[in-house]
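A closer look at the structure
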Amino acid sequence: MTATLEVSEGVGTLRLDRPPMNALDVATQDRLKELAEEAGRRDDVRAVVIYGGEKVFAAGADIKEMQNMDHAAMVLRAKALQDSFTAVARIPKPVVAAVTGYALGGGCELALCADIRIAADNAKLGQPEILLGLIPGAGGTQRLARLVGPSRAKDLIFTGRQVRAEEALSIGLVDRVVPAGEVYEQAHAWAAKLAKGPAIALRAAKEAVDAGLETDIDTGLTIERNWFAGLFATEDREIGMRSFVEEGPGKAKFV
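Here is a short report on the structure shown in this document. (Residues numbered from 1 in each chain as written. Predicted model: local features only at pLDDT ≥ 70, side-chain atom pairs only at ≥ 80, totals over all residues. Heavy atoms only, no water.)

This next bit is on the packing of helix 5 (residues 140-148) against helix 6 (residues 150-159). In contact at an axis separation of 7 Å, helix 5 and helix 6 are set at 135 degrees when each is read in the N-to-C sense. When the axes of helix 5 and helix 6 are compared, the pair comes out oblique. Considering how the two elements wind past one another, helix 5 and helix 6 form a crossing that is right-handed. Only Pro150, Arg152, Ala153, Leu156 and Ile157 of helix 6 make contact with helix 5, whose side of the interface consists of Gly140, Thr141, Leu144, Ala145 and Val148. Of the residues assigned to the contact of helix 5 with helix 6, the class counts are seven nonpolar, two polar and one charged. (Axes fitted to C-alpha atoms, helices over the stretch in contact; angles between N-to-C directions. Helix = DSSP H or I, 4+ residues; strand = E, 2+ residues; numbered from the N terminus. Parallel < 35°, antiparallel > 145°, perpendicular 65-115°, else oblique. Left-handed = near helix turned anticlockwise from the far one by under 90°. Contact = heavy atoms within 4.5 Å. Nonpolar A, V, L, I, M, F, W, Y, C, P; charged D, E, K, R; others polar.)

Have a look at this one:
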């Protein structure tokens with residue numbers, strides 16, 4: 001298997017496993033889509049960690065495989081490539097990328113699909129496709145610009161340069177930098193904490209933010225309002241408010 005999904009404490013670890021560099025070939029892309037959809041469906045998965053192992057997150061696409069693809073072949077493949085990453089971005093649960101070593105090209109684009117990114121202090125991220133005479137094709141031109149702003153995204157995409165962890169943190173490309181040996185542990189802890197939260201409210205929060213960013217403020221407020229009102233029909237809302245009144249904030253045990 002080029003990727004696996006293992007579940008512990010309500011957290012599904014979507015693990016890339018294609019040594020030595022977790023190159024994202026067609027088989028791995030298709031497997032990512034399958035596992036992302038599975039994680040979205042499974043009730044025992046309440047949050048997700050994307051992880052490539054202790055040494056590398058993912059060093060990008062399989063260039064040797066791509067070299068053999070002509071224009072006609074990539075026209076047929078490009079949509080499936082984007083769909084595999086979009087499936088990860090649309091997991092309706094909190095998702096954290098645990099980034100170790102290289103996260104380049106498709107690896108960086110995969111990290112961009114997470115809700116937050118925790119990076120090792122030795123991590124390097126970037127979109128080097130321009131050095132191949134290409135541009136990012138799995139969401140890099142879109143998700144990166146939305147995350148760090150168009151000017152910074154253009155700098156990274158135009159130059160193809162690699163960004164070390166501290167710079168990535170300073171521009172908002174990652175959200176936390178930790179010692180290399182603690183990346184997975186901290187990512188899992190973040191996910192495990194949210195796995196105990198109100199699942200429907202978390203789903204609503206993620207969809208409201210993500211969908212709202214793609215539209216105007218009035219439409220975004222409508223999305224928020226509909227989810228907000230709808231959550232009053234959930235058991236978790238009853239539990240959360242009752243616990244707040246009787247015990248104080250932060251003590252509710254959701255179902």
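For the rest of this paragraph, the subject is the sheet that holds strand 8 (residues 162-164). Across a sheet, strands are paired by hydrogen bonds formed along the backbone, either parallel or antiparallel in direction. Spatially, three strands are ordered 5-7-8 in an open sheet, and the strand pairing comes out mixed. Two strands in the sheet have a free side with no partner beyond their single neighbour: strand 5 (102-104) and strand 8. Adjacent strand axes in the sheet meet at a mean angle of 20 degrees, parallel and antiparallel pairs treated alike. Of the pairings in the sheet, the one linking strand 5 to strand 7 (residues 124-126) comprises three bridges and is parallel in character. By the bridge assignment for strand 7, Leu104 is matched with Gly126. (Pairing = 2+ DSSP bridges.)

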